[in-house]
Structures are given as C-alpha cells and as structure tokens.
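Analysis of the macromolecular model
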Amino acid sequence: MAPRRARPTIEDVAAEAGVSRGTVSRVLNGGVNVSPAALAAVNKAIKQTGYVVNHHARSLVTQRSRSVAFILSEPQEKFFEDPNFPILLRGCTQALAEHDMPLLLSIAGTQEDRERIVRFIAAGHIDGALLVSTHAGNPVVDRLTGLGVPAVACGLPIGHEHDLAYVAVNEAEGARQATAHLAGLGRRRIATVTGPMDTPGGRDRLAGYRDALRTAGLDRDESLVAHGDYTQISGEAAMTKLLKDNPDIDAVFVASDLMAVGAIDAITRSGRRVPDDVAVVGFDDSPAALTARPQLTTVRQPFRRISQEMVRLLLARLDGQEPAAVILPTELVVRASA
C-alpha cells in the first residue's frame, strides 16, 4: 500500500509562496498588514498546495468558532409554512459562505428551545447570531446582550433599538404606499389585517395604514382593523370577521402575503370577487404573491439585500465595531388583486 500523502501545512504554503510563516498566518487571519503582492502569492500557494484551514485547531487559539447561529423565534411549523424564512436563511448562508463560515439554524419557538439555545451560545459554540422574527420581550435577546455575543436582528428589535445592530425595511412607508394605492383606486372602506403587535411589522405597518387613511381624508374606523399572526389561517379568520362586521368593505391591506392568501379565500367564500368587490394588497412579495389567485399586489421587501446587510453588520460586530442600523426602502408591486 502506498504511504498516505502528508496533509499540507502552513509551512508548505509559506515555502511555495516564498514568504514567512507569519505572513501566511496573517493572511489566514484576515490579511492585515500584508502587501497585495504577498497576499496574492499566499492565496495562489494555498490553491497549489491544497492547504485546508483546520478551524477546530484555530478556534482553540483564537477562542473563535467561526460559526454563526440563525435564530428563528417562531414555532417550527412556521419555518416551513412561511416562505420568507427559508429565503432569508438561504441568503444569509450564501453571504457567510463567502467568508467560509457555516450557519446553524436554531428554532426558538418555545421556552425550552430558548433556554437550550442560550446554553449552547454561552458555551462558546458560535461567534455571533442572526435574529429573525424577534418579538418584544424575547429573553434570548436579553441573554445574548448580557453575554456580549455579537448579534444582528432582522427588523427593528423592540426594546433594544440602541444596543443591538439590525437591518429593517421602512415598514410604515410600505404600508402607506399600499393603503394609498387602494385609496387611489377609489376604495373608501379600506380594512387591514395586521401582524402581531409585539413585532415591528405588526406595529409599524398598522401605523402606516392609519397615516395613509388620514392623508386620503378617510375615517379611521377601528372596526376595520383585525389582527393576525402572519399565518394563512389567521388571515382567513381575520378577513371572515371583517366581512361579517363590515359587509361594505371594498379593500383590505394585509400585513403579509401569506395572510393575504387567506384573506382572498375568505372573500371568495363570501361570494365576493377580487378585485371587483374587494381589492387586496399584501406585504413581502414572497412566492405566495405569485401563486395567489389572482396574483397579489404587494409591497416588496428586498430579502437578498436584507440578508447581505445582516451578514455585513455581523462581521463588523465581530471585528469590534459598534452596533449599526440599516433601513432599506420598500417597493409597491402592482398585480391583478388591486
């Protein structure tokens, strides 16, 4: 049997590149204080020698795991039902892959889940966290902040606006665009189905809806407001109640596409037509907007850019920078439902 070929070492890379071992080490740790010529030579030598970084060995020295947690604060079934979560997970995974950092999915839908995840993080198994669908008062956020773990939230982290980095869209402006579009179509009894009030989307999209009604000179009728939890079944139930209490509704702004699909089901079941009798606008521009019948007019969130910005802010936090916030614009996408 032929002897096994020795695994390339950092010394092999240094010899191939014609530089010192220390230069190779600096390149592997981010390229600080390395000339462009040396950087190019080392990267070429890594490819030629087939050298692979031993992240476990490095973590023993640097106390860094080079892995990140994607923490979803929702029940497990919501990850599979809501199309937005897999899109964000894929985007963050791809962005981190460019830095050779794996992303670990963690579902924090129950108190037991949250406690287990906090213990895992406190043990040093991850360097940072990306927080998705975080509700106000979530203890995971408090514990991460207390532990000093770098984290970035998707959406405004209610209660931690000044001590946690986050990436959000302009929720209120998107809702204003949606409601103003309905008013511009001549609709006068415009209802809304909100998200949970302990989330930034639930709170700020309702505020944008109300602001657009005021601007359009329409009465603010609280009987036209129903609440959902971003699931399709909650959108259907909320719309059913709205139609029962207010049969003259001629439009509805729904705070998520998935809930809007449920709302369309309720409208159709009541014998009404979309958009002839009731116009419908959603929020997200998720795949659900295209599979809806009719296809859904909605407010687009730039999910790919949200993912990229979340990773960028997290890497900045890992480098010791202060928490920062990024607010991205939304876009109204007009289709057949309104």
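Just so we're clear, the structure is a prediction, and the values are computed from it rather than from any experiment.

**Observations concerning the domain arrangement of the protein**
The domain boundaries assigned to the protein delineate domain 1 (10–53), domain 2 (68–169 + 303–328) and domain 3 (171–300). On a C-alpha basis, the centroid separation for the pair domain 1 and domain 3 is 56 Å.

**Topic: the pattern of salt bridges**
Counted under the stated rule, the structure contains 19 salt bridges. For the salt bridge of Arg-176 with Asp-211, the shortest nitrogen-to-oxygen distance reads 3.7 Å. You can see Arg-176 sitting in helix α9 (residues 171–184) and its partner Asp-211 sitting in helix α10 (residues 200–215), a full 35 residues away along the chain. Accessibility expressed as a relative area gives 21% for Asp-211, which makes it partly exposed. Among the ionic pairs, Asp-221 bridges to Arg-189, the shortest N-O distance being 3.2 Å. Residue Asp-221 is found in the loop between α10 and β7 (225–227), and its partner Arg-189 is found in the loop between α9 and β6 (190–194); the two are separated by 32 residues along the sequence. What makes Asp-221 partly exposed here is its relative accessible area of 24%. Among the residues examined, Arg-189 registers a relative accessible area of 23% and is labelled partly exposed.

**Examining unusual backbone geometry**
Between Val-274 and Pro-275 the backbone carries a cis peptide bond, its omega angle lying at 5°. Geometrically, the link from Arg-293 to Pro-294 is a cis peptide bond, its omega value of 0° lying close to zero. Within the fold, Pro-294 resides in the loop between α13 (287–291) and β10 (297–300). One non-glycine residue, Tyr-230, adopts positive backbone phi at about 75°. Note that Tyr-230 resides in the loop between β7 and α11 (232–245). Judged by relative accessible area, Tyr-230 falls into the buried class, the value being 15%. Its identity is not glycine, yet Asp-285 carries a phi of approximately 60°, on the positive side. With respect to the helices, strands and loops of the structure, Asp-285 is situated in the loop between β9 (279–284) and α13.

**Remarks on the sheet that holds strand β4 (residues 151–154)**
One open sheet accounts for six strands, arranged β2-β1-β3-β4-β5-β11; its pairing is parallel. The sheet is open, and its two borders are formed by β2 (103–107) and β11 (325–328), each paired with just one other strand. Adjacent strand axes in the sheet meet at a mean angle of 15° when their direction is disregarded. Direction of pairing for strand β5 (residues 165–169) relative to β11: parallel, over a ladder of four bridges.

**A look at the packing of α11 against helix α12 (residues 257–269)**
At a closest axis distance of 6 Å, the pairing of α11 and α12 adopts a crossing angle of 40°. Compared by their axis directions, α11 and α12 come out oblique. Crossing angle aside, the handedness with which α11 passes α12 is right-handed. For the pair α11 and α12, contact is made by Gln-232, Ser-234, Gly-235, Glu-236, Met-239, Thr-240 and Leu-243 and by Leu-258, Met-259, Val-261, Gly-262, Ala-263, Asp-265, Ala-266, Ile-267 and Arg-269, respectively. The residue inventory of the contact of α11 with α12, partitioned by class, reads eight nonpolar, five polar and three charged.

**Quick word on the packing of aromatic side chains**
In this structure the tally under the stated criterion is two aromatic pairs. Pairing Phe-79 with Phe-80 gives two aromatic rings, centres 5.3 Å apart and planes at 85°, and the pair type is edge-to-face. Among the residues examined, Phe-80 registers a relative accessible area of 64% and is labelled exposed. Of note, Arg-205 hangs over the ring of Phe-283, and the distance from its end group to the ring centre comes to 3.7 Å.

**So, the environment of Leu-243**
In this fold, Leu-243 is placed in helix α11. Residues Leu-243 and Leu-224 lie 19 residues apart in sequence; the distance between their C-alpha atoms is 9.2 Å. When near neighbours in sequence (up to four residues on either side) are disregarded, Leu-243 contacts Ile-249, Ala-266, Ile-267, Ser-270 and Arg-272.

**Observations regarding helix α14 (residues 303–318)**
For α14, with 16 residues, the first-to-last C-alpha span of 23 Å sits near the 22 Å given by 1.5 Å per residue. Here α14 has its buried residues at Phe-303, Ile-306, Ser-307, Glu-309, Met-310, Val-311, Leu-313, Leu-314, Leu-315, Ala-316 and Leu-318. Residue Gly-320 follows α14 closely and has a positive phi angle near 95°.

**A word on the sheet that holds β9**
The strand order across the open sheet formed by six strands is β7-β6-β8-β9-β10-β12, and the pairing between neighbours is mixed. Strand pairing shows two members of the sheet lacking a second neighbour, β7 and β12 (331–333), which therefore form its edges. Sheet twist, expressed as the average angle between the axes of neighbouring strands with direction ignored, equals 20°. As paired elements, β6 and strand β8 (residues 251–254) share four bridges and run parallel to each other. For Val-193, the partnering residue across the bridge sits in β8 and is Val-254. Lying on the sheet, α9 is in contact with β6, β8, β9, β10 and β12; it crosses β9 at an angle near 165°.

What counts, and at which threshold
- Residues numbered from 1 in each chain as written.
- Predicted model: local features only at pLDDT ≥ 70, side-chain atom pairs only at ≥ 80, totals over all residues.
- Heavy atoms only, no water.
- Domains from an automatic or database assignment.
- Salt bridge = Lys/Arg side-chain N within 4 Å of Asp/Glu carboxyl O.
- Helix = DSSP H or I, 4+ residues; strand = E, 2+ residues; numbered from the N terminus.
- Buried < 20%, exposed > 50% of the residue type's maximum accessible area, 1.4 Å probe, protein only.
- Pairing = 2+ DSSP bridges.
- Axes fitted to C-alpha atoms, helices over the stretch in contact; angles between N-to-C directions.
- Parallel < 35°, antiparallel > 145°, perpendicular 65-115°, else oblique.
- Left-handed = near helix turned anticlockwise from the far one by under 90°.
- Contact = heavy atoms within 4.5 Å.
- Nonpolar A, V, L, I, M, F, W, Y, C, P; charged D, E, K, R; others polar.
- Phe/Tyr/Trp six-rings, centres within 6.5 Å; stacked < 30°, edge-to-face > 60°.
- Lys NZ or Arg CZ within 6 Å of the ring centre and 35° of its normal.
- Expected span 1.5 Å × (residues − 1).

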